[in-house]
Amino acid sequence: MITEIGLRRSPGEDTKLVEYVELIGLDASRRIERAQRSRMGQFLTPAPVAELMAAMFETDRPAIRLLDAGAGIGILTAAFVEEFCRRAPRTERLHVDIYEVEPLFSDYLSETMRACEMACKSVGIEFHAEVHEADFLEAAVSRLRGSLFSTPAQPEFDCAILNPPYLKIRNNSRERLLLSSIGVEATNLYSAFLALVVQLLCTEGEIVAIIPRSFCNGPYFKPFRRLLLDSTEIRQVHLFNKRRQAFSNDDVLQENVILRAVKGKKLPETVLISESDGPDGTDTVRREAPYSELVNPHDPDLFIHIVADRAQQEAAQKMQRLSSTLEDLGLEVSTGRVVDFRARDFLRALPRKDTVPLIYPGHLKNGSVEWSRQLARKPNAIVRAPATEGLLVPPGVYILVKRFSAKEETKRVVAAVCDAEQQCEGVGFENHLNYFHENGGGLPRAIARGLMVFLSSTLTDICFRQFSGHTQVNATDLRKMRYPSRKQLEALGLSIGEQLPGQEEIDRIVEEVLGHMASGETSLDPVQVKRQIERARGILRDLGLPRTQVNDRSALTLLALLDLRPDTPWSDAREALRGITEMMNFFSECYGKNYAPNTRETVRRQTVHQFIQAGLVIQNPDDLNRPTNSPNNRYQISRPLFEVLRTYGTGMWNRKLREYLTSGVSLADTYAKKREMHKVPVQLAPGKTIELSPGGQTEVVRRIIEDFCPRYTPGAEVIYVGDTASKWAYFDPDKLNELGVAVDEHGKMPDVVVYYSDKGWLVLIEACSSHGPVDHKRHIELKELFEGATVGLVFVTAFPDRRTLTRCLVEIAWETEVWVAEHPDHLIHFNGERFLGPYEFE
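Here goes a summary of the coordinates provided. (Residues numbered from 1 in each chain as written. Predicted model: local features only at pLDDT ≥ 70, side-chain atom pairs only at ≥ 80, totals over all residues. Heavy atoms only, no water.)

1. Here's the deal with empty space enclosed by the protein
Argument step 1. Under the counting rule described, the total for this entry stands at 3 cavities of 30 Å³ or more.
Argument step 2. Size it by volume and the second largest cavity reaches roughly 80 Å³.
Argument step 3. Taken together, 12 residues form the lining of the second largest cavity, with Thr-45, Gly-70, Ala-71, Gly-72 and Asn-163 sitting closest to its centre.
Argument step 4. Taken together, the residues of the lining of the second largest cavity break down into 6 nonpolar, 5 polar and 1 charged. (1 Å grid on protein atoms, 1.4 Å probe; cavity = no way out; pocket = protein on both sides within 12 Å on 5 of 7 lines; lining within 4 Å. Points joined across faces, edges and corners; volume = space filled by probe spheres on them. Nonpolar A, V, L, I, M, F, W, Y, C, P; charged D, E, K, R; others polar.)

2. Examining the side chain of Ser-274
Argument step 1. Position of Ser-274 among the secondary structure elements: in strand β8 (residues 270-276).
Argument step 2. Once residues within four sequence positions are removed from consideration, Ser-274 is found in contact with Gln-236, Val-237, His-238, Leu-239, Thr-284, Val-285, Arg-286 and Ala-308. (Helix = DSSP H or I, 4+ residues; strand = E, 2+ residues; numbered from the N terminus. Contact = heavy atoms within 4.5 Å.)

3. Some words on the sheet that holds strand β4 (residues 157-162)
Argument step 1. Spatial ordering of the open sheet is given by β3-β2-β1-β4-β5-β7-β6-β8-β9, a layout of 9 strands whose pairing is mixed. Two strands close off the open sheet at either side, each with one partner strand: β3 (126-132) and β9 (285-290). On average, each strand axis in the sheet is tilted by 15° relative to the strand beside it, whichever way the strands run.
Argument step 2. Where strand β1 (residues 63-69) and strand β2 (residues 93-99) come together, 7 bridges link them in parallel fashion. Residue pairing across strands places Leu-67 opposite Asp-97, the latter belonging to β2.
Argument step 3. Here helix α3 (residues 47-54) sits on the sheet in contact with β4, β5 (201-212), β6 (232-240) and β7 (256-263), set at roughly 155° to β5. (Pairing = 2+ DSSP bridges. Axes fitted to C-alpha atoms, helices over the stretch in contact; angles between N-to-C directions.)

4. Points about the pairing of strand β20 (residues 433-437)
Argument step 1. Of all 5 residues that make up β20, 5 are buried, and the element is covered over most of its length.
Argument step 2. Across the two faces of β20 the burial is the same, with Leu-433, Tyr-435 and His-437 and Asn-434 and Phe-436 all buried.
Argument step 3. Of the strand pairs in this sheet, strand β10 (residues 332-335) and β20 are connected by 4 bridges, and their pairing is antiparallel. The residue of β20 that forms the bridge with Ser-334 is Tyr-435. (Buried < 20%, exposed > 50% of the residue type's maximum accessible area, 1.4 Å probe, protein only.)

5. Points about the environment of Asp-622
Argument step 1. Take Asp-622: it is sitting in the loop between β21 (617-619) and β22 (635-637).
Argument step 2. Classification of Asp-622 as partly exposed rests on a relative accessible area of 44%.
Argument step 3. Put simply, Asp-622 and Asn-633 are 11 residues apart on the chain and 9.7 Å apart in space, counted from C-alpha to C-alpha.
Argument step 4. Among residues more than four places away in sequence, those in contact with Asp-622 are Leu-577 and Arg-634.

6. Observations regarding the side chain of Lys-263
Argument step 1. Along the chain, Lys-263 turns up in strand β7.
Argument step 2. In this structure the side chain of Lys-263 is engaged in a polar contact, spanning 3.0 Å, whose partner is the backbone oxygen of Val-198.
Argument step 3. Setting aside anything within four residues of it in sequence, one finds Lys-263 in contact with Pro-155, Val-198, Gln-199, Leu-201, Cys-202, Thr-203, Glu-204, Gly-205, Ser-231 and Thr-232. (Polar contact = N/O pair within 3.5 Å; in protein donor to acceptor, adjacent residues only side chain to side chain.)

7. Quick look at the pairing of β6
Regular strands place side chains that alternate from one sheet face to the opposite one.
Argument step 1. Taking burial as the measure, the 9 residues of β6 include 8 buried ones, the bulk of the element.
Argument step 2. Summarising the sheet, β6 and β7 pair through 7 bridges and their orientation is antiparallel. Bridging across to β7, Ile-234 finds its partner in Ala-261.
Argument step 3. Bridging between β6 and β8 involves 5 bridges; their strand directions are parallel. In the strand pairing of β8, His-238 is matched with Ser-274.

8. Description of the packing of helix α6 (residues 136-145) against helix α8 (residues 189-200)
Geometrically, a packed helix pair is captured by the angle between its two axes and the distance between the axes.
Argument step 1. α8 packs onto α6 with a crossing angle of 35° between their chain directions and a minimal axis gap of 10 Å. For the pair α6 and α8, the crossing hand works out as left-handed. Contact residues: Phe-136, Leu-137, Ala-140, Val-141, Arg-143 and Leu-144 in α6; Leu-189, Ala-192, Phe-193, Leu-196, Val-197, Gln-199 and Leu-200 in α8.
Argument step 2. Broken down by class, the residue content of the contact of α6 with α8 amounts to 11 nonpolar, 1 polar and 1 charged. (Left-handed = near helix turned anticlockwise from the far one by under 90°.)

9. Brief notes about the packing of helix α20 (residues 580-591) against helix α21 (residues 599-613)
Argument step 1. Between α20 and α21, the shortest axis-to-axis distance is 10 Å and the interhelical angle comes to 105°. Taken as axis vectors, α20 and α21 run roughly perpendicular relative to one another. Listed contacts from α21 to Ile-580, Thr-581, Met-583, Met-584 and Phe-587 of α20 are Thr-599, Arg-600, Val-603, Arg-604 and Val-608.
Argument step 2. Here the contact of α20 with α21 is built from residues that sort into 6 nonpolar, 2 polar and 2 charged. (Parallel < 35°, antiparallel > 145°, perpendicular 65-115°, else oblique.)

10. Things to note about the environment of His-823
Argument step 1. Along the chain, His-823 falls in the loop between β30 (817-820) and β31 (827-829).
Argument step 2. Judged by its relative accessible area of 16%, His-823 falls in the buried class.
Argument step 3. Each C-alpha atom of the pair His-823 and Arg-802 lies 8.5 Å from the other, and the pair is 21 residues apart in sequence.

11. A word on the pattern of salt bridges
Argument step 1. Applying the stated criterion across every chain yields a total of 54 salt bridges.
Argument step 2. Between Arg-803 and Glu-51 there is a salt bridge whose closest N-O contact spans 3.6 Å. Note that Arg-803 is positioned in helix α28 (residues 802-808) and Glu-51 in helix α3, a separation of 752 residues in sequence.
Argument step 3. On the basis of relative accessible area, Glu-51 is assigned to the buried category, the value being 16%.
Argument step 4. One salt-bridge network, held together by shared partners, links Arg-65, Asp-97, Glu-130, Arg-143 and Glu-156. (Salt bridge = Lys/Arg side-chain N within 4 Å of Asp/Glu carboxyl O.)

12. Description of the sheet that holds strand β29 (residues 792-799)
Argument step 1. Spatial ordering of the open sheet is given by β26-β25-β27-β28-β29-β30-β31, a layout of 7 strands whose pairing is mixed. The open sheet has two edge strands with one neighbour each: β26 (730-731) and β31.
Argument step 2. Bridging between strand β25 (residues 717-721) and strand β27 (residues 752-756) involves 4 bridges; their strand directions are antiparallel. Bridge pairing in β27 links Val-718 to Val-754.
Argument step 3. Against the sheet, helix α25 (residues 698-712) touches β25, β27, β28 (761-767), β29, β30 and β31, its axis set at about 145° to β28.

13. What about the packing of aromatic side chains?
Argument step 1. Here the structure, examined in full by the defined rule, presents 23 aromatic pairs.
Argument step 2. Ring centres of Phe-436 and Tyr-483 lie 6.3 Å apart, and the angle between their planes is 75°; on these two criteria the pair is classed as edge-to-face. Placement of the pair is Phe-436 in strand β20 and Tyr-483 in the loop between α15 (475-480) and α16 (486-494), with a sequence separation of 47 residues.
Argument step 3. Looking at Tyr-483, the relative accessible area reads 0%, which means it is buried.
Argument step 4. Plain terms: the ring middles of Trp-570 and Tyr-648 are 5.2 Å apart, the flat faces sit at 55° to each other, and that makes the pair tilted. Residue Trp-570 is found in the loop between α19 (552-561) and α20, and its partner Tyr-648 is found in the loop between α22 (639-645) and α23 (653-662); the two are separated by 78 residues along the sequence. (Phe/Tyr/Trp six-rings, centres within 6.5 Å; stacked < 30°, edge-to-face > 60°.)

14. Thoughts on the state of the cysteines
Argument step 1. This structure, assessed with the given rule, holds 0 disulfides.
Argument step 2. Looking at Cys-159, it has no disulfide partner, and the nearest cysteine sulfur is the one in Cys-202, 8.0 Å off. (Disulfide = S-S within 2.5 Å.)

15. Overview of the nonpolar core
Argument step 1. Within the largest apolar cluster, 98 residues are counted, with the highest numbers of intra-cluster contacts made by Leu-94, Phe-136, Leu-137, Leu-196, Phe-215, Ile-234 and Leu-294.
Argument step 2. Tallying contributions element by element places α8 first for this core, with 10 residues.
Argument step 3. Those residues in contact with Leu-94 that lie beyond four places of it in its chain are Ile-64, Leu-66, Phe-80, Val-81, Cys-120, Ile-125, Glu-126, Phe-127 and His-128.
Argument step 4. If you look at the next biggest cluster of nonpolar residues, it comprises 45 residues, including Leu-556, Leu-564, Tyr-591 and Tyr-660. (Core = buried A, V, L, I, M, F, W, Y, C linked by side-chain atoms within 4.5 Å.)

Everything listed here is a matter of geometry and, on its own, says nothing about what the molecule does.
This is the structure:
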């Protein structure tokens, strides 16, 4: 139960409702194993995602009836309540219908609804909640279908917010039969939930849902796309670029979108499309796009294209100007016919006289098929016999495309030429491959090679990703694309040698052959944009910046400070002097990246600040006396680095980079100098002060000594303080020996050790800002390190803020304490009858 966490208070002025509910959810996660949640297809919504979703609603109705289907612990409802409690004018009445089938969530849901009721009451909103411990799918179907003694329910919900379960629906399943009874066709629970919710919404009702992006394309989701597009107006789509970010606590690996739609049949003129790496909104790129760009009104398959910036828009327009479809070219694409487990009796590990080659995805390498490089764990040949004739294709030249691209592949479409024209009587393509052919046979060699070049281009990759959010490449997807003419494909094929050239050469050839033949000029070259950003990211990586700084935002900042447009050589870089707003204008004008206004602080605090610390950037070189908080701050690349960067792309680059990294301006030296100049003073006692290195956990350590200790261990004696630069910033080994503890220099000490003589406690405190908390492993380590202590041991993890706490809460060991510096007057106790004190160890 949630009371076991030992939370002292309900949400109030210093506790956000959503954060409180997230704490409840992390406790729920302890009771329900990840594997069990995965089998249920249910993953709890992180607080930042819930808050982002709730903020999307635009309704201003005085009375709202909200539906939360598959609610889990109710965090989406909590986010909705929190959002509408602070809006003006406020909603007068809020009625919530909650559906959750998992009984283990029941108590948590009750606590969440109690907290929601308190929040509403505090601002004068009348709140009612009905919690249905039932299968939403079954209940919704019953509601919509009616029965012998009742009529179907009328749409009644004004708003719906949901994170539905993600599970495939089997053909013969109960769910499939229920849905069919009301004419709904769905292949996954998430699309089934949305289809039902849409029908339960009243006219002009709003729905905000986080779902996998897989519904945007492919034949399986076409009925759902038709229902969604016929019944609602999509007003906003937000894409999470990084597949692990939206549900990072559960390690869910898929692209997710947040969809906001309004029930109605009138198509909007525009739709807001946005994207970010994670849910905190600090790096959000967005644009208002024509609705016809999201869904082409002439597309019978109703594919949904997510194009969040101007460079991607230019790529889509360039692709649409291509003249041909596969049908125009007289070409076809099919899925490999050999399903290995069905043809097991005819498969051979090695070729024999009665076999022909069998090609698997593993045979594809660098644009060609290396069948001679036979696979160790797969058959490499198939017997040619009357029973297998239908599985083979005649000799010829084919283009193969992997149906599933591996996560390490840089491109979504991986293509190769298969030259089976000679030395074989046919060939088999395994089912995990697509193959391009002409009337069932091979392609002209030049056409085949040109097709491979086009499919391998950055332009194709950019456009394919706009409608495909997963690693699967279906034949249907390849049929949807537009292609160059036969003449252009031949020109592409004749432009390369026997080996597939590098990516930049492929893109140059494609631009040369297609760029002059396509009508219209674009103001922004999407391929050059992508390539220049990737170069900048690579340079940041080479300079040794942390992973958190190697991103598009930081790359664009570097390019802005060098005044490098997408087509500008690095040798032409200049030392631009720019402020944050000027940089963001550069991102938009030159690279088509229109970041949301709240990203300004992110650029300053999470990119430029780190660049300054690393010595890459100089602040206010034009006026060294300008205050650091001035709105007129300007930044410039440091002269030593500037000289190095201008050699990028030349034969001098690697040598100049090595010299820079090993010289006096290396990152390590720069950081060391900064630390010496900006030591942080920490007062241990009156007249007794030490200095700690800046950054890292220093601020938390300072708060522990100056805020935690006076409150919870008044008059205690500080025995040890660690530092990020020098491990032993302060240490009183004699006092520790008196207490029965001898620690050698290799012992992994906590950040702060305090002796509270009034209670006879040795308090061991870990400062958790970038490193982990006192988890089970660390708990054991500290017990062993201090096992000789003659006084009781107390274990505390100190966090800088609640956000950091929620990320680590599931790891914290029982029988420990938690303190948050931003709320210094409160403690969280994990399990037990005391709120602070030692435990007896067996």
